[in-house]
Amino acid sequence: GAGGRRWLLSPPALSAGPGSATVAAINRGGVHMLANWRITRLNRLLQAGGVIAYPTEGVWGLGCNPWNGSAVERLLDLKQRPVHKGLILIAGEIEQFDFLLWDLPDAQLAKLRLSWPGPNTWLVPHQGRLPEWITGAHDTVALRVTTHPIVRQLCAAAGPLVSTSANPGGRPSARSRLRVEQYFHGELDAIVPGALGGARNPSIIRDLQTDQVIRGA
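Now for a quick tour of the structure. (Residues numbered from 1 in each chain as written. Predicted model: local features only at pLDDT ≥ 70, side-chain atom pairs only at ≥ 80, totals over all residues. Heavy atoms only, no water.)

It is worth spelling out the overall build of the chain at this point. Summing up its helical and strand segments, the chain has 9 helices and 9 strands in all. Residues counted as buried form 50% of the 217 residues belonging to the chain. Counting only carbon and sulfur atoms, one obtains 53% of the accessible surface of the chain, whose full area is about 10,400 Å². (Helix = DSSP H or I, 4+ residues; strand = E, 2+ residues; numbered from the N terminus. Buried < 20%, exposed > 50% of the residue type's maximum accessible area, 1.4 Å probe, protein only. Areas by Shrake-Rupley, 256 points an atom, 1.4 Å probe, with all protein chains shown as cover.)

Have a look at this one:
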């Protein structure tokens, strides 16, 4: 296309949505889609700088709009996480990361296509295209494309979201809504209803350029 821009997915994959086999399998496990009115309300909260908790594949996550510095600052305060560590961004489809991926070498794009959507987080060069409150002190940013149908719905409405486990630093990850409520005591703008996807471990984190495993399964 113009300017050397390339599609990251073949056209059939671009159309994959809630009817895909992966999402159908999660739905059979008890995870259901949210009503459109609820997604609209959550999107408004996110665009206004809200911080939410939501179920992911394995644990509950905290999320916000990555382009809103005050929202990210609030999330980091809740999480008790220093900004220099950086944050993971999550999307529902690979093309939502197109602004970061379009000029990557073909071999690196192929690795991403093969591993997403799924429990694989990749450290990708950000080339200054993201704010420092997301990247921290790093030349790379952690990216993942989720299989969780509720998170895919949220990202379809709001775009990529910050995704970090919903627990204060040093505390165990939250595996229930009750634990999220105990940790944050009404300090969140919303807790998204839904069930976890059933994964037992966090995603594997790897460096896209070197394949080094930063966090194993």
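So, about the pairing of strand E4 (residues 120-125). With 6 of its 6 residues buried, E4 lies for the most part within the structure. Of the two faces of E4, both are covered, the one formed by Asn120, Trp122 and Val124 as well as the one formed by Thr121, Leu123 and Pro125. Sheet topology note: the E4/strand E8 (residues 204-207) ladder contains 4 bridges and is parallel. Across the sheet, Thr121 pairs through a bridge with Ile205, a residue of E8. As defined by bridge partners, E4 adjoins strand E5 (residues 140-145) across 4 bridges and the pair is classed as antiparallel. Among the inter-strand pairings, Pro125 is bridged to a residue of E5, identified as Thr140. (Pairing = 2+ DSSP bridges.)

This brings us to the sheet that holds strand E9 (residues 213-215). Read across the sheet, 9 strands follow the order E7-E1-E2-E6-E3-E5-E4-E8-E9 without closing on themselves; strand pairing throughout is mixed. Across the chains shown, the open sheet's two edge strands, defined by having one partner strand only, are strand E7 (190-191) and E9. By the bridge criterion, 2 bridges tie E8 to E9 in an arrangement that is antiparallel. Its bridge partner being in E9, Arg206 is matched across the sheet by Val213.

The subject of this paragraph is the environment of Thr140. For Thr140, the location among the structural elements is in strand E5. Put simply, Thr140 and Leu130 are 10 residues apart on the chain and 9.9 Å apart in space, counted from C-alpha to C-alpha. Contact partners of Thr140, with chain neighbours within four places excluded, come to Leu123, Val124, Pro125, His126, Thr135 and Gln209. (Contact = heavy atoms within 4.5 Å.)

Phe97, Leu101, Trp116, Leu143, Val180 and Leu188 are the most contacted members of the largest nonpolar core, which totals 37 residues. Secondary structure elements with two or more residues in this core: strand E2 (60-63), helix H4 (69-79), strand E3 (88-91), helix H5 (98-101), helix H6 (106-115), E4, E5 and helix H9 (177-184). The element best represented in this core is H4, accounting for 5 residues. Residues contacting Trp116, with those up to four places away along its chain left out, are Ile94, Phe97, Leu101, Trp122, Leu143, Arg144 and Val145. (Core = buried A, V, L, I, M, F, W, Y, C linked by side-chain atoms within 4.5 Å.)

So, about the pattern of salt bridges. Under the criterion given, the structure shown has 6 salt bridges. The residue Glu57 makes a salt bridge to Arg144 at a minimum N-O spacing of 3.1 Å. Of this pair, Glu57 sits in the loop between strand E1 (52-55) and E2 while Arg144 is found in strand E5, placing the two residues 87 residues apart along the sequence. You'll find Glu57 and Arg144 in the same group, each marked buried. When the shortest N-O distance is used, the salt bridge between Arg129 and Asp103 registers 2.6 Å. Here Asp103 lies in the loop between H5 and H6 and Arg129 lies in the loop between E4 and helix H7 (132-135), a separation of 26 residues in the sequence. Using a relative accessible area of 31% as the deciding quantity, one classes Asp103 as partly exposed. (Salt bridge = Lys/Arg side-chain N within 4 Å of Asp/Glu carboxyl O.)

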